[in-house]
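Each chain, written out:
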Amino acid sequence: MSAARATVAVVRSERAPLVDTLHEWVTTVDHKRLGILYIIYALLFLAFGGIEAIIIRIQLIRPHNTFVSPQVFNRMFTMHGTTMIFFAAMPLVFGFANYLVPLMIGARDTAFPRLNAFSFWLTAFGGLLLYFSFLGGNGLYGAGNAPDVGWFAYAPLTSRTFSPGHSTDFWILALLLSGIGSMGTAINIAATVLCMRCPGMTLGKMPLLAWLNFTMAGLVILSMSPLTAAQLMLLVDRYLGGHFFDVQAGGSAVLWMHFFWIFGHPEVYVLAIPAFAFASEIIPVFSRKPIFGYPVMVAATLAIGFISMSVWAHHMFTVGMTSAGNTFFVLSTMAIAVPTGIKIFNWLATIWGGKVQYRTPMLFCVAFLFQFLIAGLTGIMLAAAPFDWQLSGSYFVVAHFHYVIVGGILFTIFGAFYYWFPKMSGRMYNEALGKVHFWLFTAGFHLTFDFMHVPGVLGMPRRIYTYEPGRGWDIWNLVITIGVLFQAVATLVFLGNLLWSKLWGKVAGSDPWDGWTLEWSTASPPPAYNFPSLPEVRSRRPLWDLKHPEDPDWHYE
Amino acid sequence: MYFLIAAEAAIFTIFVVAYIFYVGKSATGPQPAAVLHAPLFLTACLLSSSLTTHLAVRGLRSRNVRRFTWWWCGTVILGGIFVAGTAREWRHLVYQDGLTIQTNLFGTTYYSLVGLHAFHVIAGLLALAVVLVFAIRGDVRQEHSARTEVLSMYWHFVDAVWVVIFTVVYLIGR
Amino acid sequence: MNIGAFRSDPAMVTQTVEVPASTAWPIVLAFGIMLVVAGLVTSESVSALGGLLAVTGAVGWFRDVFPRERHELLTVSPEVPAVTTGRTTIDRTALAPDRHRIWLPVEIYPISAGLRGGLAGSVAMAMLAIIYGLVSQRSIWYPINLLAATFFPTAGPQAAGDLTRFYPSMFFLAAALHLSTSILVGLLYGAMLPMLPRRPILLGGLVAPIVWSGVVYSILGIVSPVLDSHIDWIWFVISQIGFGVVAGIIVSRRERIPTWQRLPFALRAGLEQSGMRDESHHGGEQ
Amino acid sequence: MRILKSAVPIFCTAAAARANSAGEPLSPTNIFAPASTPADTISGLSLLVLTITGAMFVIVLCLLLWAVVKFREKAGAGPGEPAQVYGSTQVELAWTVIPVLIVTILLLATARAIASIQNAIPPPGAVEVSVIGHQYWWEYHYKKSNVVTANELHVPVSSPVHPTPTFLSLFSADTDHSFWVPRLAGKTDLIPNHPNSMWIDPRETGVYLGQCSQYCGVQHAKMLLRVYVQTRDEFDRWLEQQSGPAAASDSTIEGRRTFESTACVNCHTIRGSTATGTFGPDLTHLMSRETIGAGAALNTPANLRRWIQDPSAFKPGCLMPAMGLSDSQLDAITAYMETLR
Ligand code: HEA
Ligand code: HEA
Ligand code: CUA
Ligand SMILES: [Cu+2]
């Protein structure tokens, strides 16, 4: 409770002993360091999830393969889905949001720095707990086994009757922890955007990235809570003998589906909207034009956030809703195509008439546009309920969502890595390696996920550890698996590039891309206090105004 | 805080939905109409405690630390009565009526919903009590009124949730 | 080469900046909570340890921010990177190298014009359809029922009932469907006609309806078999043209399109950009 | 190159659609080779959706390609910034309204397809079957004729002149499952406490394949479906034969005794014997089925013996335990099973 303690900033730049460095990172409340922690942690889990994906694909390379047992296979896809969504993709977008939002709105830190640290560690420990199940899934003294109920864990498979032991409990508890962590971070981001903007930055002058992350935070707050509530109910069932989802006592399996997807659908937009945010920053800078139709982009984002709260039951077209119910959810789901389409077209219009520079971040964003288009259109196919009665639960769905998540989201995240790496590390990445990564990954992606649509149309269900020959699925599965190899190599190239560039890359300077938002006005990496004096902005592109005093944006806004 | 409350409200909504969904679906065991008696006194206590926090914060804002302490103390006591009353009601349900969380769907949903709320009341009470200790020690001054206000906002929220629960569980759900 | 930096008020430039102090309590609290729940799947002692840690963490954290938050003072390094660019010139569209960005169009009211056009067109189309109903089936309800049948499968009421009778539900469905589509198409006209200015009536009134009819012809069997089996295509095309002509006239009337004929596409499309000619009379919003 | 590859899903789907008209079927479970009204309706709607989305894809792709190629920064060009365009109300309005119209069309088509499939009413000639999903196998009850069987569903062929559709009521005994035979209809889930229904009216005889498509546990992958579509006469004969008790044969009395004295009877029913368990499939007419273990293996004597010896040889994790029987017991039981025609 002592009074403010003075520390000297310069100490940080000198080489501190390892323990000190570690201590600094563990106790930090600086949003930039927490952002980087989030990102590194997420990369680790991306590798875990990727290794699980590789195991899945090896098992499915040909019919009646026996690479792993059915039990192990089921654990693999459960852990793969859970890991990728909750411990890779979410922390990645949170990490970037943490790092970038305060910088881009000209703030010194987030609104609740300590809550920020707490949330990160809660999420991190949640992930550790989940993976501990490999060792202690049956309790500390039993043999290990990871959860195997699928990432949406439909009741009653999760009841004590059908999943004895503790593996499902690990799943619940890990998600409970990380869910609370996510809510904390989301509250922090939303409050930061609302309260910490620098002088002159009205809501209408915020960079799109801040707007989109604000929407994302709102979605997290409203959608994580239903999941948390449902998990609590499941815990009551499993530990206290409750009957929420106990079908023998009149409980309802469908209720869980509703609760899960009320979370689950907004969740996919929680991932997608920050991806849109990266694209909305990267595409303008490399096209050398402002984003086309800023107000409409903001409105479309809010519309997506809003509509996405009312479409959840499109994951439940096959559970036997009334025809009126089905029709309603067809309508709301398809309605999302409109604001999403506006975004796609506005990005296109941003490129249109520009002078596009194809550096690695831009390459990833162009591929994103193209792939997200296809992915969205397959989403529309699924949204046509009768079509979904054929496609639901098949590999077509798996293809659809990997197309969105990998082809859309992961691609922009890679783009974001290359774009902001100079800012975060102070060093330039290796452009040649970046391009190798891009082309390898794109080739692998298309080999894997383009051809994954076909077995879906030919009747191959998902989550099967093996399949019968003679159904016309064999050749496609072979190709799909080969594609993963490319993706794995590409990912290694990517990680290698990051490491190499961090150590030996050439010094980047504060503004390597000739950018327009505030983060490029401070040093790379930014000092702990971000800005020596709080900037004062007058338009959406404050750095454009400085660079072109004869033709500033604020003249027009 | 508003965001936290939004999140909490969403959690409660899900529990309330589950309660309503399962009303009347229990195959066996005691039914709500038979065992629930509307706890009017407790409700009155909880609702008036909202008023007392409000008065306390008003007192603090006008530099009247004494008034703050007394009203705050009143809030803690009223909240305490509520918790104690709930505990008694539960005892009665468990031992006299044989309703536990395992008995039937009603038991599961009832104890979960009311329990979740009681948990929030207790958490709130702990926080209130800590502040009370500080107040008695004389550490609370006017500049803290913003923080106490946040706490009182949380307390109002907990009360508002109780109004919903009371309506759903004791009025409609029977 | 321009060099700039944010205007820094000398009063605002400080030697030191306060930032929140590092603290270990959040991680302790998080770890404690993790152990508490991990106890559920391992053993109670773990929970107990976790509870202890969590309480320590919470208390520590509390003392960190109460009564006053702990801060660290950092000295500000005096070097502020300069904001510069090598790309000093800005291209202009071939119009005029003027100064201002303007919101175009200044003169038209696309939304209201489109709405009006759509409404007028919808009335025209409904009239034609009703005339058709009278001529062919002697009932004004016939086309209405047909339209509403889009929502129902073959087994719907119209299979049993008489398509020339009045059904309130069918009427409302049909009206809603008709109005909403008409207004949307009107809006579209309002937005697109100024961009495609040559002979708007011909384009909007004749070509578009015929193309549209062709599309409908090919997919109607799936969209609405009932409509498909009863439809009279000649009348369908006529009513579409009725819509197109009326909507087109109304929209183009209100927009004085002829004066725009020689403007480049970028202007007609209402692109906002900097350095674009401000040839309009201001005060477009009304 | 990249573009070529990604057009593939759309084209493959279209190719798949065409393949059923060409002699060699692409796959016995192709959703674009419908053989029953619900599947027809879906396939028709799907082609419409594919066409519309395909058109959207081509248009946007062309725009994108054009923009990406045309507007790249050229090497020789000056270092200036391009014209700064900020937006356009007209253009944005246009690309808001057009998708709204497209969505309206899609919605109408979809709504109608939903209603025509979901709101169908069983005609008098309809066959009604209850389907009960169990962890890793299917149970069927023919409502009017007292027949209980497992895994292989028999239904009569239906024609527009003599419609004899089959209406399925769907139940689950344990976890969620989903009934999916792509060529006959879309899937519908089997959920405990939540009865569902669906219908099929196959127009050609033959065997239609499918499998459970809602994750239900370890052996979800081997919960296969076979639907035998027969002429009306064949179907009636089959029903007749199935409704009787198990064939009795003195030569296998030994096997029968062993069966009745082991745990088998706790789980299996053989009508006409003391076995009345309901945890596992009804074995009364086991030999009339072509597969065992819900399609896990062909129903040959060797496979049957191996199954009884250790089911997990075919289906690791399935709910029938290995009983630890001696060789002679195995032989006897297998011989007995062989008589259950
Ligand atoms: C980030 C992730 C993400 C995103 C953005 C989306 C976007 C969409 N998704 Fe997807 N989806 C998932 C992730 C995502 N999805 C996941 C993870 C699952 C499976 C979960 C599981 O079961 O495990 C899933 C499953 C899923 C289903 C359920 C399938 C099933 O299990 O039966 C459905 C059904 O409607 C669906 C639809 C859609 C639609 C309509 C969109 C729309 O938002 C797409 C909108 C975009 C466009 C349409 C393209 C651009 C628009 C234009 C160019 C305008 C013009 C176009 C038209 C007018 C058509 N998705
Ligand atoms: C963010 C989300 C995300 C991401 C990125 C991915 C990425 C991938 N996914 Fe995943 N997937 C899901 C989310 C995701 N998936 C979900 C939610 C499910 C549903 C689960 C369920 O049904 O419950 C699913 C299911 C799923 C299935 C279906 C399983 C089944 O139904 O049986 C398959 C099958 O092919 C698959 C494959 C892949 C592949 C090949 C990748 C590839 O793109 C992965 C590429 C990455 C790598 C290959 C990593 C390479 C890294 C290294 C090589 C590092 C090595 C490191 C060290 C040595 C330190 N996924
Ligand atoms: Cu039954 Cu999957
Ligand atoms: Cu969804």
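Up top you'll find the structure we're talking about.
Residues numbered from 1 in each chain as written. Chains lettered and ligands numbered in written order. Predicted model: local features only at pLDDT ≥ 70, side-chain atom pairs only at ≥ 80, totals over all residues. Heavy atoms only, no water.

## Quick word on the overall build of chain B
A tally of regular secondary structure across chain B gives 6 helices and 0 strands. Going from the N terminus to the C terminus, chain B shows its helices and strands as α-α-α-α-α-α. Its C-alpha atoms give chain B principal-axis dimensions of about 60 × 30 × 20 Å. Evaluated residue by residue, chain B yields a buried proportion of 51% over its 174 residues. Long-range contacts, defined as pairs at least 24 residues apart, comprise 81% of the intrachain contacts of chain B with a sequence gap of at least 6. In the form shown here, chain B has an accessible surface area of approximately 8100 Å², with 69% of it arising from carbon and sulfur atoms. (Helix = DSSP H or I, 4+ residues; strand = E, 2+ residues; numbered from the N terminus. Buried < 20%, exposed > 50% of the residue type's maximum accessible area, 1.4 Å probe, protein only. Contact = heavy atoms within 4.5 Å. Areas by Shrake-Rupley, 256 points an atom, 1.4 Å probe, with all protein chains shown as cover.)

## Overview of the nonpolar core
With 314 residues, the main nonpolar core has Phe96(A), Trp256(A), Trp420(A), Trp72(B) and Tyr110(B) as its most contacted residues. Of the residues forming this core, the biggest block, 23 residues, is contributed by helix α7 (residues 253-287) of chain A. Residues Tyr140(D), Leu153(D), Ile200(D) and Ile292(D) belong to the second largest nonpolar core, which totals 54 residues. (Core = buried A, V, L, I, M, F, W, Y, C linked by side-chain atoms within 4.5 Å.)

## Topic: the interface of chain A and chain D
Counting residues at the interface gives 108 residues for chain A, matched by 94 residues for chain D. Together, the buried faces of chain A and chain D total about 8400 Å²; carbon and sulfur atoms form 69% of this surface. Of all residues in chain A, Trp389(A), Gln390(A) and Arg471(A) bury the most surface against chain D, accounting for 9% of the area lost on that side. Where chain A meets chain D, there are 1 salt bridge. We note a salt bridge from Arg288(A) to Glu81(D), for which the minimum N-O separation is 2.9 Å. (Buried area = accessible area lost by both parts, 1.4 Å probe. Salt bridge = Lys/Arg side-chain N within 4 Å of Asp/Glu carboxyl O.)

## So, the coordination of the iron atom of ligand 1
Each donor-metal-donor angle in an ideal tetrahedron of four donors is 109.5 degrees, and each such angle in an ideal octahedron of six donors is either 90 or 180 degrees. Of all protein atoms, His400(A) (NE2) alone acts as a donor to the iron atom of ligand 1, lying 2.2 Å away. Its place among the elements puts His400(A) in helix α13 (residues 395-425). (Donors = N, O, S within 2.8 Å, 3.2 Å for Na, K, Ca; no water.)

## Quick word on the coordination of the iron atom of ligand 2
Residue and element names in this part refer to chain A. Each protein donor to the iron atom of ligand 2 is listed here as His80 (NE2) and His402 (NE2); together their distances run 1.9 to 2.0 Å. Seen from the iron atom of ligand 2, its 6 donor atoms lie at angles of 88 to 179°, and the figure they make is octahedral. On the criterion of sequence distance, the pair formed by histidine 80 in helix α3 (residues 70-104) and histidine 402 in helix α13 is long-range, its members being 322 residues apart. There is no split in this pair, since histidine 80 and histidine 402 are both buried. (Tetrahedral: all angles 85-135°; square planar, octahedral: opposite > 155°, others 65-115°.)

## Overview of the sheet that holds strand β6 (residues 166-172) of chain D
Residues and elements named next belong to chain D. If you trace the 5 strands from one edge of the open sheet to the other, you get β4-β3-β2-β6-β9, paired in mixed fashion. Each of the sheet's edge strands pairs with one partner strand only, and the pair in question is β4 (147-150) and β9 (196-200). Going across the sheet, the axis of each strand differs from the next one's by a mean of 25°, ignoring polarity. Judged from the 4 bridges that link them, strand β3 (residues 137-142) and β4 form a sheet pairing that is antiparallel. Bridge pairing in β4 links glutamate 139 to alanine 150. Across the sheet, helix α4 (residues 232-243) touches β2 (127-134), β3 and β4, and the angle it forms with β4 is around 95°. (Pairing = 2+ DSSP bridges. Axes fitted to C-alpha atoms, helices over the stretch in contact; angles between N-to-C directions.)

## Let's talk about the pattern of salt bridges
Note that side chains of opposite charge can pair when their charged atoms are close. Per the stated rule, a full pass over the model turns up 20 salt bridges over all chains. Here Arg359(A) ties to Glu431(A) by a salt bridge, and the two come within 3.6 Å at their closest N and O atoms. With Arg359(A) in the loop between α10 (337-351) and α11 (360-383) and Glu431(A) in helix α14 (residues 431-457), the pair connects residues that are 72 residues apart, well separated along the chain. Exposure remark for Glu431(A): the relative accessible area of 22% places this residue in the partly exposed category. The salt bridge involving Asp40(D) is made with Arg203(D); its shortest N-O contact spans 2.6 Å. With Asp40(D) in helix α2 (residues 37-70) and Arg203(D) in the loop between β9 and β10 (206-211), this residue pair connects regions lying 163 residues apart in the sequence. For Arg203(D), a relative accessible area of 38% puts it in the partly exposed group. Among the charged side chains, a salt-bridge network with shared partners connects Arg288(A), Asp511(A), Asp514(A), Lys547(A) and Glu81(D).

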